[in-house]
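Next come the chains, spelled out residue by residue.
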Amino acid sequence: MHLFEPKHFVFPFLAHALGTLAGALLAFLIAASYRSVFAYVIGAFFLAGGIAATFMIPAPVWFIILDLAAAYIPMAWIGTQLGRRIIGGAGGSKT
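Residues numbered from 1 in each chain as written. Predicted model: local features only at pLDDT ≥ 70, side-chain atom pairs only at ≥ 80, totals over all residues. Heavy atoms only, no water.

## Regarding the overall build of the chain
Then, in step 1: If you tally the helices and strands in the chain, you get 4 helices and 0 strands.
Then, in step 2: In the chain, the succession of α and β elements from N to C terminus is α-α-α-α.
Then, in step 3: Each of the three principal axes of the chain carries a C-alpha extent, and together these read 50 × 20 × 15 Å.
Then, in step 4: Within the chain, the proportion of its 95 residues that are buried is 25%.
Then, in step 5: Entry remark: accessible area of the chain is about 6,000 Å², with carbon and sulfur atoms responsible for 76%. (Helix = DSSP H or I, 4+ residues; strand = E, 2+ residues; numbered from the N terminus. Buried < 20%, exposed > 50% of the residue type's maximum accessible area, 1.4 Å probe, protein only. Areas by Shrake-Rupley, 256 points an atom, 1.4 Å probe, with all protein chains shown as cover.)

This is the structure in structure tokens:
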């Protein structure tokens, strides 16, 4: 890992971010009620996995900070926003 350059960390970051986004969006679209809660729970599970990975996989500190700060909860939020646009705001106050 010490020989890796920043360009080698692009795809791991994208995998974490897009995986969380897809999971949160799917949870939002499938849930019958409390859609946002389900989306954020998916984001929290992915975040827990990311935190566990920081202890198991060596990586530069800058990547760990970027990954934990931008790849999980923000992607869950984006997933809820996309979900709201897809369903047209349906779901009442429990979204």
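## Observations concerning the nonpolar core
Then, in step 1: The biggest cluster of nonpolar side chains holds 8 residues, and these are F9, F13, A17, L21, F63, A71, Y72 and M75.
Then, in step 2: Of all the elements, helix 1 (residues 10-30) adds the most residues to this core, at 3 residues.
Then, in step 3: When near neighbours in sequence (up to four residues on either side) are disregarded, A17 contacts A71 and M75. (Core = buried A, V, L, I, M, F, W, Y, C linked by side-chain atoms within 4.5 Å. Contact = heavy atoms within 4.5 Å.)

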